[in-house]
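Structure assessment
Each chain, written out:
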Amino acid sequence: MTASKTPARLRVAVIGAGYWGPNLARNFISSPDWDLVAICDLDGPRAQALADRVGTNVAAYSDVAALLERRDIDAVAIATPARTHHTLVLAALRAGKHILVEKPLADSREHGAEMVREAAERGLILMADHTYCYTPAVIKIRELIAEGALGDILFIDSVRINLGLVQPDVNVFWDLAPHDLSIIDFVLPQGLRPQAVSAQGADPLGAGKACIGYLTIPLQNDAIAHVHVNWLSPTKIRQMVIGGTLRTLVWDDLNPQQRLSVYDRGVDLTQQAVDGANAAASMVSYRLGDTWSPALPEREALGAMAEEFAASIRDGRAPRTDGEAGLRVLAVLEAASRSLASQGLLSSLAGHDAAVTDAARAAVLR
Ligand SMILES: NC(=O)c1ccc[n+]([C@@H]2O[C@H](COP(=O)([O-])OP(=O)(O)OC[C@H]3O[C@@H](n4cnc5c(N)ncnc54)[C@H](O)[C@@H]3O)[C@@H](O)[C@H]2O)c1
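Residues numbered from 1 in each chain as written. Predicted model: local features only at pLDDT ≥ 70, side-chain atom pairs only at ≥ 80, totals over all residues. Heavy atoms only, no water.

Some words on the UniProt feature "domain: Gfo/Idh/MocA-like oxidoreductase N-terminal" (unreviewed entry) in the protein chain
UniProt feature "domain: Gfo/Idh/MocA-like oxidoreductase N-terminal" (unreviewed entry): in the numbering of this structure it lies at residues 10–130. Here residues 10–130 is 43% helix and 24% strand, with 21 Å between the C-alpha atoms at its ends. (UniProt positions renumbered as here; feature names shortened; annotations may be inferred. Helix = DSSP H or I, 4+ residues; strand = E, 2+ residues; numbered from the N terminus.)

Here's the deal with the domain arrangement of the protein chain
Considered domain by domain, the protein chain is made up of domain 1 (10–130 + 302–319) and domain 2 (133–298 + 329–363). Averaged C-alpha coordinates put domain 1 and domain 2 at centres separated by 29 Å. At the junction of the two partners, domain 1 supplies 18 residues and domain 2 supplies 18 residues. Of the roughly 1,500 Å² buried between domain 1 and domain 2, counting both surfaces, carbon and sulfur atoms make up 60%. When the buried area of domain 1 at its contact with domain 2 is split by residue, K103, R109 and H130 rank highest and sum to 45% of it. Between domain 1 and domain 2 we count two salt bridges in total. Between R83 and D169 there is a salt bridge, with its nearest N and O atoms 3.1 Å apart. (Domains from an automatic or database assignment. Contact = heavy atoms within 4.5 Å. Buried area = accessible area lost by both parts, 1.4 Å probe. Salt bridge = Lys/Arg side-chain N within 4 Å of Asp/Glu carboxyl O.)

Things to note about the packing of helix 4 (residues 82–94) against helix 5 (residues 109–122)
Relative orientation of the contacting elements helix 4 and helix 5 amounts to 10°, with a least axis distance of 10 Å. Here helix 5 runs roughly parallel to helix 4, going by the angle between their axes. Contact residues: helix 4 offers H85, H86, V89, L90, L93 and R94, while helix 5 offers H111, E114, M115, E118, A119 and R122. (Axes fitted to C-alpha atoms, helices over the stretch in contact; angles between N-to-C directions. Parallel < 35°, antiparallel > 145°, perpendicular 65-115°, else oblique.)

Some words on the site of the ligand
Taken together, 22 residues sit near the ligand, with W20, D41, R46, K103 and T131 positioned nearest. Between Y19 and the ligand, the recorded distance is 2.9 Å, taken from a backbone N or O atom to an oxygen atom. Between D41 and the ligand, the recorded distance is 2.6 Å, taken from a side-chain N or O atom to an oxygen atom. Here the ligand loses 80% of its free accessible area of 860 Å² to cover by the protein chains. Counting residues per element, the shell around the ligand draws most heavily on helix 4, which supplies three residues. (Near = heavy atom within 4 Å. Polar contact = N/O pair within 3.5 Å; in protein donor to acceptor, adjacent residues only side chain to side chain. Areas by Shrake-Rupley, 256 points an atom, 1.4 Å probe, with all protein chains shown as cover.)

What to know about the UniProt feature "domain: GFO/IDH/MocA-like oxidoreductase" (unreviewed entry) in the protein chain
Under the UniProt annotation, the feature "domain: GFO/IDH/MocA-like oxidoreductase" (unreviewed entry) is placed at residues 139–246. Taken end to end, residues 139–246 is 22% helix and 42% strand, and its two terminal C-alpha atoms sit 20 Å from one another.

Thoughts on the sheet that holds strand 4 (residues 75–78)
In spatial order, the strands read 3-2-1-4-5-6; together these six strands make up an open sheet with parallel pairing. Edge strands, defined here as strands with exactly one partner in the open sheet, are strand 3 (59–61) and strand 6 (126–129). Taking the axes of each pair of neighbouring strands and ignoring which way they run, one obtains an average angle of 25° across the sheet. Where strand 2 (residues 34–40) and strand 3 come together, three bridges link them in parallel fashion. In the strand pairing of strand 3, A38 is matched with A59. (Pairing = 2+ DSSP bridges.)

Points about unusual backbone geometry
Backbone torsion omega between K103 and P104 reads -15°, so that peptide bond is classified as cis. Within the secondary structure, P104 is located in the loop between strand 5 (98–102) and helix 5. A positive phi angle is found at N221, which is not glycine, with a value near 60°. Of note, N221 is situated in the loop between strand 9 (212–218) and strand 10 (224–230). The backbone of Q343 shows a phi angle near 55°, a positive value even though the residue is not glycine.

Now the structure itself:
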């Protein structure tokens, strides 16, 4: 009998040691797939402090170019603000590194597309950290939809509100909605490919950008999705309701005892002939069945994400949340910005695949 060979550990550096970077560092350090070898941040002492905190042989850099010169590093994980992703990702790809980049993939679809092209040409992995797609709850939702447990999807209603940090470079859509959009993209079998979206935003405090946002996304077969994001709510809600022709699922991410509930309830509509004539009338009936809660394993999403990043590099395959998934999210965000700039008019995604209008780019901040 031959002992199975453990694959060699891959070597990774984290760029960005602000709020989110430490979470990536912590998960790489505890992963059997990775050796975390360096932390880089423009703020040198901040990089050093994180490097000291997470391990013994972790180097600190304040110069990205010096970090990228290291030939012993296989991959970099980028947790810097969205406006820096394009420059950092292209530089790291050109230095031969595989990339994990935070959401949103980039600050425009055009920039994101350039990153995806560059990675493909170099045969390197470009993965978006769509963190929620690695949570047990979202993986279960995807399974339930795929096996037909909900039937055909009728509506999706997503609420993500709390007292959030008003971001310096993006509005609330670009900060929070990437989560909802990447989840919807992941759980729908056909992915998130709407024809058009409409968005309404408000800035009642005069912060200079939308702090409250409502995004409406028509889906196939007259279904509809709605996303509500808000930085100004004193109560925190993280809830998604997905209604289907057979069942409706409610995901309450802040309820660890019962994150998912599946309601065997709904409305049936049948057409019946009226008095034997050709005319038909709609008959509405209500199904009132059981509610159940699927068991979910407890696992930190970023641990699963680090595992998937390593597996995609070793297998030479696209990761579960690849650059294309990141681009689908960016396409919706850009259409939302165009809609916002035109007072909520439905904005088409068609024809805006490759190029971004200046108006949409400016509207990122509105
Ligand atoms: N996946 C998630 O759930 C999640 C949660 C929060 C934030 N994020 C994402 O993580 C990214 C970072 O957000 P944050 O809240 O940590 O921001 P932050 O401002 O707290 O930290 C960013 C850090 O990057 C450093 N930095 C900026 N430009 C740099 C450059 N060119 N080279 C090296 N370092 C640079 C800054 O000095 C800072 O320390 C964003 O894309 C954000 O959307 C993701």
